[in-house]
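Okay, here's what each chain looks like letter by letter:
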Amino acid sequence: MPEAAVQCSNLKRHFTRAGYTVRAVDGITLEVQAGELFGVVGTSGSGKTTLLNLIGGLDTPTAGYLDVMGQSLELLDSRELALYRRSTVGTIFQAFHLLLARTALENVELPLLLQNVAPKERKGLAMDALEQVGLQARADHRPSELSGGEQQRVAIARALAKNPRLLLADEPTGNIDSRTSREILDLLQGLNRDRGLTVILVSHDEEGVGRIADCIVRLEDGRVVGEGGA
Amino acid sequence: MILRDQFQYALSNLRKTRLRTILTAAGVTIGIGAMTSMVSVGVGTQRNVMRAFNEENILTSVTVRPPARREDAGPDSLPVLDAAAIERMRVLPGARDAYPVLTVPGLLSIGETQQFLSLEGMPARVLGEQYERGRVKLLSGRLYEEGEKGGVVISTRAARRLLPEGAEPDTLVGRKVSFLTAQAPGSGGREGEAGGETRMLEGIELPPVLNALPLENLLQRLPLGLVEPVRLELTVLGIVDGAGTLTDFLGISLYVPVDVVEPLFASAFRSLESVLTGETGREGYPLAQVLTDDVMAVRSVQESVVEMGFRADSILDQLAEIRLGFIFMNTFLATIGGISLLVAAMMIINTLVMAVLERTREIGLLKAMGATDADVMRLFLSEAGLIGLMGGVGGLILGWIVAEVTNMIANYQFLKMGELRVDLVAFPPWLIMGGLAFALIVSLAAGFYPSRRAARVDPVVALRYF
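Residues numbered from 1 in each chain as written. Chains lettered and ligands numbered in written order. Predicted model: local features only at pLDDT ≥ 70, side-chain atom pairs only at ≥ 80, totals over all residues.

Participant: What's the story with the overall build of chain A in this structure? I'm lost.
Facilitator: Scanning chain A from terminus to terminus reveals seven helices and ten strands. Burial analysis of chain A (230 residues in total) assigns 48% to the buried set. If you take every contact in chain A between residues at least 6 apart in sequence, the share linking residues at least 24 apart comes to 68%. (Helix = DSSP H or I, 4+ residues; strand = E, 2+ residues; numbered from the N terminus. Buried ≥ 20, exposed ≤ 12 C-beta atoms within 10 Å, placed from the backbone. Contact = placed C-beta atoms within 7 Å.)

See below:
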């Protein structure tokens with residue numbers, strides 16, 4: 001029986017704006033197994049990113065229970081959440097969020113800087129991560145000198161460099177063309193299969209996610225409206 | 001994040017906005033430069049004054065004045081500060097010498113040149129002792145000896161005032177100078193030495209002495225008929241440096257043995273008030289100086305003099321006040337310079353607030369990767385600190401340049417006026433370290449608000465909307 005990497009029960013995240021309550025996540029219960037590639041699909045505003053932010057420790061739930069890799073996130077304070085993000089989670093964003101003034105290598109080194117890894121070791125780990133995404137030859141290039149797909153690969157390398165136990169991908173193919181999207185999704189699938197890395201992939205591209213995910217849940221208005229194996 | 005990485009990261013961020021960083025650091029440079037240059041002048045002045053104290057017997061001397069007159073006490077009940085009293089002070093335990101301090105102002109003439117200067121009575125033994133201790137430097141000629149009359153020793157500064165520009169002071173040695181002063185009528189003044197016919201001023205006959213002087217001269221403004229002229233013919237024996245006395249901090253006097261100046265002093269006026277009241281110094285000396293073996297003996301000698309019924313002051317009484325005064329002066333100067341540093345602090349706040357706004361996405365990303373609020377705060381404080389350090393180093397260089405230029409300009413003027421060169425500025429190590437530390441502290445304080453603002457950035461908002 002595989003161990004659960006993520007467990008949440010009746011998880012809620014409500015926002016109040018100008019007297020109006022937005023129920024971004026409204027009572028989600030789910031379980032992601034360790035080593036699983038778990039897809040979360042849904043339309044825009046369905047609560048996918050908010051759910052990912054909660055699992056990634058960027059946001060805190062309004063109510064409910066959330067356990068990631070044995071840590072109850074709802075009990076952690078902001079500093080403990082930061083340390084959790086530093087040590088446990090790697091995140092990939094739709095907009096890549098690379099620092100434009102830094103090279104690909106320097107971008108990949110960033111999370112290692114926060115982990116106080118020594119400069120020489122840091123460079124080695126960053127180069128390894130770039131090699132895993134096939135970009136070791138572009139290490140000294142700045143993001144502006146890379147294509148969209150390459151930038152997303154650098155972002156993946158950055159997430160992988162610190163060897164996370166959980167990889168969160170928020171619409172990783174949202175800003176790239178379909179051919180490159182396929183390559184990125186294949187890369188994520190490879191990481192999941194080859195390294196046994198637990199991946200939670202959020203996307204509105206149900207077909208793309210369905211192609212690689214072990215399990216999918218569909219969200220609508222902050223609730224799970226459907227789930228199933230690929 | 002380890003400290004080295006933190007500074008490298010901060011430095012690389014500052015490099016990205018090079019012009020803005022340079023301009024902000026320039027603000028700190030100007031602030032620290034203004035502050036350190038001003039303080040260096042204050043410190044230089046303090047150093048010069050304290051050096052003068054050390055060099056001129058001031059730390060090991062007690063100043064004695066006659067007792068204050070009280071309405072309920074008759075004049076006979078008060079001790080008189082006369083030669084006998086001074087002799088008693090000379091043999092007090094811990095005292096090594098005592099002498100009256102006698103200063104007579106007057107007009108010194110040499111050839112066509114006339115200058116208002118003071119004749120200082122200084123015992124030959126005291127002048128000789130100062131020479132032996134190296135406090136007085138004999139530049140030319142010789143000092144007068146005990147019992148020798150008719151000779152005068154002139155300080156370099158006084159000599160320069162008497163000579164045309166560029167002339168060497170030692171050319172005065174051996175020359176005759178004439179010292180003209182005034183005394184009360186009937187004191188034996190040698191009327192007529194100034195010579196010439198009688199002149200009238202607003203219908204009043206001028207005393208002959210005033211005939212020798214230009215009409216705008218100060219002596220002519222004294223109440224007419226109340227003064228008599230006295231003239232001394234003296235030979236310049238030597239030129240000295242550093243013989244400043246209690247009443248002559250600037251060292252621009254002429255030094256003669258006490259017994260030369262004493263008869264003049266006894267009948268001389270000491271103030272305009274004394275001219276009007278006709279009071280002269282006939283009832284003892286107004287001031288005397290007791291020199292002690294060392295600083296430790298000053299207090300006991302001072303107490304003994306007070307027990308004799310006189311008023312006694314030593315520099316120990318005023319030293320604390322003088323130091324306090326200099327602290328106040330330096331603080332005041334630093335505050336004036338600090339105003340520009342305040343402007344620089346505002347520039348740092350502005351620069352970093354802009355940086356926080358521009359780099360909100362980066363801050364969000366760092367937080368998403370696991371940076372704590374403290375990590376983010378430290379990064380921005382490092383940037384503020386680096387700006388402060390760069391500005392501080394620049395400010396010290398600027399301050400040094402400004403201070404040295406000021407020193408050069410001032411000394412150029414001094415030399416033109418015939419004065420000696422004086423180092424007006426001082427850059428002690430504490431000023432350098434203090435300037436740097438202050439630049440750093442002000443920058444960190446200025447960086448605190450933007451850093452806290454950066455630390456409070458919500459990563460979810462930062463990554464979604466920036």
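Now, onward.
Participant: Help me understand the pairing of strand E6 (residues 151-155) of chain B in this model?
Facilitator: As a general feature of sheets, a regular strand has side chains that alternate between the two faces. Residue and element names in this part refer to chain B. For E6, the tally of buried residues reaches five of five residues, placing the bulk of the element in the interior. Where burial is concerned, the two faces of E6 agree: the one with Gly-151, Val-153 and Ser-155 and the one with Val-152 and Ile-154 are both buried. Relative to strand E11 (residues 254-256), E6 is paired through two bridges, and the arrangement is antiparallel. Opposite Val-153, over in E11, you have Tyr-255 as the bridge partner. (Pairing = 2+ DSSP bridges.)

Participant: Could you clarify how one ought to interpret the packing of helix H3 (residues 104-114) of chain A against helix H4 (residues 119-132) of chain A in this entry?
Facilitator: Angle between the axes and distance between the axes are the two parameters that describe a pair of packed helices. Residue and element names in this part refer to chain A. At a closest axis distance of 9 Å, the pairing of H3 and H4 adopts a crossing angle of 120°. The orientation of H3 with respect to H4, classified from their angle, is oblique. As H3 packs across H4, the resulting crossing turns out to be right-handed. Together, Ala-104, Leu-105, Val-108, Glu-109, Leu-112 and Leu-113 of H3 and Arg-122, Lys-123, Leu-125, Ala-126, Met-127, Ala-129 and Leu-130 of H4 make up the contact between the two elements. Per-class residue counts for the contact of H3 with H4 are ten nonpolar, no polar and three charged. (Axes fitted to C-alpha atoms, helices over the stretch in contact; angles between N-to-C directions. Parallel < 35°, antiparallel > 145°, perpendicular 65-115°, else oblique. Left-handed = near helix turned anticlockwise from the far one by under 90°. Nonpolar A, V, L, I, M, F, W, Y, C, P; charged D, E, K, R; others polar.)

Participant: Explain the sheet that holds strand E13 (residues 311-314) of chain B to me, please; I cannot follow it from the model alone.
Facilitator: As a general point, the strands of a sheet are linked pairwise by backbone hydrogen bonds and lie either parallel or antiparallel. Residue and element names in this part refer to chain B. One open sheet accounts for four strands, arranged E2-E12-E1-E13; its pairing is antiparallel. Each having just a single partner strand, strand E2 (95-100) and E13 make up the two edges of the open sheet. The average undirected angle you get between the axes of adjacent strands in this sheet is 20°. In the sheet, strand E1 (residues 61-65) pairs with E13 via four bridges, with the strands oriented antiparallel. Counterpart to Val-64 in the pairing with E13 is Ala-312.

Participant: Is there a simple way to explain the interface of chain B and chain A in this structure?
Facilitator: Where the parts come together, the accessible area they lose is often given as the size of the interface. On the chain A side, the residues contacting the 19 residues of chain B number 19 residues. Element by element, the count of residues in the side of chain B that touches chain A is highest for helix H11 (residues 360-368) of chain B, at five residues. Split into classes, the residues belonging to the side of chain B that touches chain A amount to ten nonpolar, two polar and seven charged.

Participant: I would appreciate a short explanation of the pairing of strand E1 (residues 4-17) of chain A in the present structure.
Facilitator: Residues and elements named next belong to chain A. Direction of pairing for E1 relative to strand E2 (residues 20-33): antiparallel, over a ladder of eleven bridges. By the bridge assignment, Lys-12 is partnered in E2 with Asp-26. Between E1 and E2, which pair antiparallel one after the other, the connecting turn spans two residues, and Ala-18 there sits at a positive phi close to 50°. Relative to strand E4 (residues 63-68), E1 is paired through five bridges, and the arrangement is antiparallel. Residue pairing across strands places Gln-7 opposite Asp-67, the latter belonging to E4.

Participant: How should the sheet that holds E4 of chain A be read in this particular structure?
Facilitator: Residues and elements named next belong to chain A. What the four strands build is an open sheet, ordered E2-E1-E4-E5; its pairing is antiparallel. Of all the strands in the sheet, the pair left with one neighbour each is E2 and strand E5 (71-72). By the bridge criterion, two bridges tie E4 to E5 in an arrangement that is antiparallel. Following the sheet pairing, Asp-67 is matched in E5 by Ser-72.

Participant: Just to check I follow, could you spell out the packing of H4 of chain A against helix H5 (residues 148-161) of chain A for this structure?
Facilitator: Residue and element names in this part refer to chain A. For the pair H4 and H5, the least separation of the axes is 8 Å and the interaxial angle reads 130°. One way to sum up the angle between H4 and H5 is to call them oblique. Crossing of H4 over H5 shows right-handed handedness. Contact residues: Leu-125, Ala-126, Ala-129, Leu-130 and Gln-132 in H4; Ala-157, Leu-160 and Ala-161 in H5. Across the contact of H4 with H5, the residue classes break down as seven nonpolar, one polar and no charged.

Participant: Any chance you could explain the environment of Leu-172 of chain B here in plain terms?
Facilitator: Residues and elements named next belong to chain B. Structurally, Leu-172 is set in the loop between helix H5 (156-162) and strand E7 (176-183). Exposure remark for Leu-172: the 23 C-beta atoms within 10 Å place this residue in the buried category. Measuring from C-alpha to C-alpha, the distance between Leu-172 and Ile-154 comes to 9.0 Å, with 18 residues separating the pair along the chain. Among all residues touching Leu-172, those that are not within four sequence positions of it are Ile-154, Ala-159, Leu-162, Leu-163, Val-236 and Ile-239.

Participant: Please clarify how the nonpolar core should be interpreted in this entry.
Facilitator: In a soluble, globular protein the nonpolar side chains are often hidden away together inside. Counting residues in each nonpolar core, the largest one holds 122 residues, and the members touching the most others are Val-108, Leu-130, Ala-157, Val-199, Ile-200 and Leu-201 of chain A together with Val-376 of chain B. Here the element with the most residues in this core is helix H12 (residues 373-416) of chain B; it accounts for eleven residues. For Ile-200 of chain A, the residues in contact, after removing those within four places along its chain, are Val-32, Phe-38, Val-40, Leu-52, Ile-55 and Leu-168 of chain A. (Core = buried A, V, L, I, M, F, W, Y, C linked by C-beta atoms within 7 Å.)

Participant: In this structure, what is going on with unusual backbone geometry? I would like to understand it.
Facilitator: For residues that are not glycine, phi is negative in most cases, and the peptide bond is trans in most cases. All names here are of chain A. For Met-69, which is not glycine, the phi torsion reads 50° and is therefore positive. Mapping Met-69 onto the fold places it in the loop between E4 and E5. In this structure, Phe-96 takes a positive phi of about 65° despite not being glycine. Looking at the secondary structure, you find Phe-96 in the loop between strand E6 (89-92) and H3. Accessibility expressed as a C-beta count within 10 Å gives 22 for Phe-96, which makes it buried.

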